[in-house]
Amino acid sequence: METCIECGGKLFGRSDKKFCDSNCRNAYHNEKSRPIINQVRQINRSLVNNRSIIENLANEGVQKVSLKVLRTLGFEVNLFTARKIDESAEEIFFIYDQAFQIRGEDLVILMAEDKHFRATG
Ligand SMILES: [Zn+2]
């Protein structure tokens, strides 16, 4: 007799059944996807945090910040949503709608008026 892979209960009926019912099936799949969902949430939180840091600096009129200072603010340099090479072969990073470049040890925020480019399309 086969048993349910979620609760271990005995299975009746079709021999290819893995679960006693949809509750056990859902519980099993939720459990399996939970670590992935947590990882996605964590990355999203970090991205939103990165975006807020850039937006706040831009709103204060700050355009150039050292990566060292950004790290102390909790900015994760390797986390962005898109990367693009512009017409003059410069690398532009995006965090959603915010755009910046890395020049040496500094991050240079591209202000709204410079944003003729888009992260997508
Ligand atoms: Zn079960």
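Small disclaimer: the values here were computed from a predicted structure and weren't measured.

Novice: Go over the nonpolar core, please, and point to the residues and values.
Specialist: One finds Ile54, Leu57, Leu70, Phe75, Phe100, Leu107 and Ile109 to be the most contacted residues of the largest nonpolar core, which totals 15 residues. Elements that contribute at least two residues to this core include exactly helix 1 (22-59), helix 2 (67-72), strand 3 (91-95) and strand 5 (106-110). No other element matches helix 1, which puts four residues into this core. If we skip the residues at most four places from it in the chain, Leu70 touches Ile53, Leu57, Val65, Phe75 and Leu107. Counting residues in hydrophobic clusters, the runner-up holds five residues, among them Ala82, Ile92, Phe94 and Leu110.

Novice: Mind laying out the sheet that holds strand 1 (residues 64-66), listing which residues take part and the relevant values?
Specialist: Ordered in space as 1-5-4-3-2, the five strands form an open sheet in which the pairing is antiparallel. Each edge of the open sheet carries a strand with a single partner, namely strand 1 and strand 2 (82-85). Put simply, the sheet's adjacent strands are angled 30 degrees from each other on average, direction ignored. Strand direction decides the pairing type here: strand 3 and strand 4 (residues 98-103), joined by three bridges, are antiparallel. Paired with Ile95 across the strands is Gln98, a residue of strand 4.

Novice: Outline the packing of aromatic side chains, supporting the account with residue identities and numerical values.
Specialist: Summed over the entire model, instances satisfying the criterion amount to four aromatic pairs. Taken together, a centroid distance of 5.3 Å and an interplanar angle of 55 degrees make the contact between Phe19 and Tyr28 tilted. Pairing Phe80 with Phe93 gives two aromatic rings, centres 4.8 Å apart and planes at 65 degrees, and the pair type is edge-to-face. Linking Phe80 in the loop between helix 2 and strand 2 with Phe93 in strand 3, this pair joins segments that are 13 residues apart in sequence. Aromatic ring contacts, followed pair by pair, group Phe75, Phe80, Phe93 and Phe100 into a single cluster.

Calculation notes
- Residues numbered from 1 in each chain as written.
- Predicted model: local features only at pLDDT ≥ 70, side-chain atom pairs only at ≥ 80, totals over all residues.
- Heavy atoms only, no water.
- Core = buried A, V, L, I, M, F, W, Y, C linked by side-chain atoms within 4.5 Å.
- Buried < 20%, exposed > 50% of the residue type's maximum accessible area, 1.4 Å probe, protein only.
- Helix = DSSP H or I, 4+ residues; strand = E, 2+ residues; numbered from the N terminus.
- Contact = heavy atoms within 4.5 Å.
- Pairing = 2+ DSSP bridges.
- Axes fitted to C-alpha atoms, helices over the stretch in contact; angles between N-to-C directions.
- Phe/Tyr/Trp six-rings, centres within 6.5 Å; stacked < 30°, edge-to-face > 60°.

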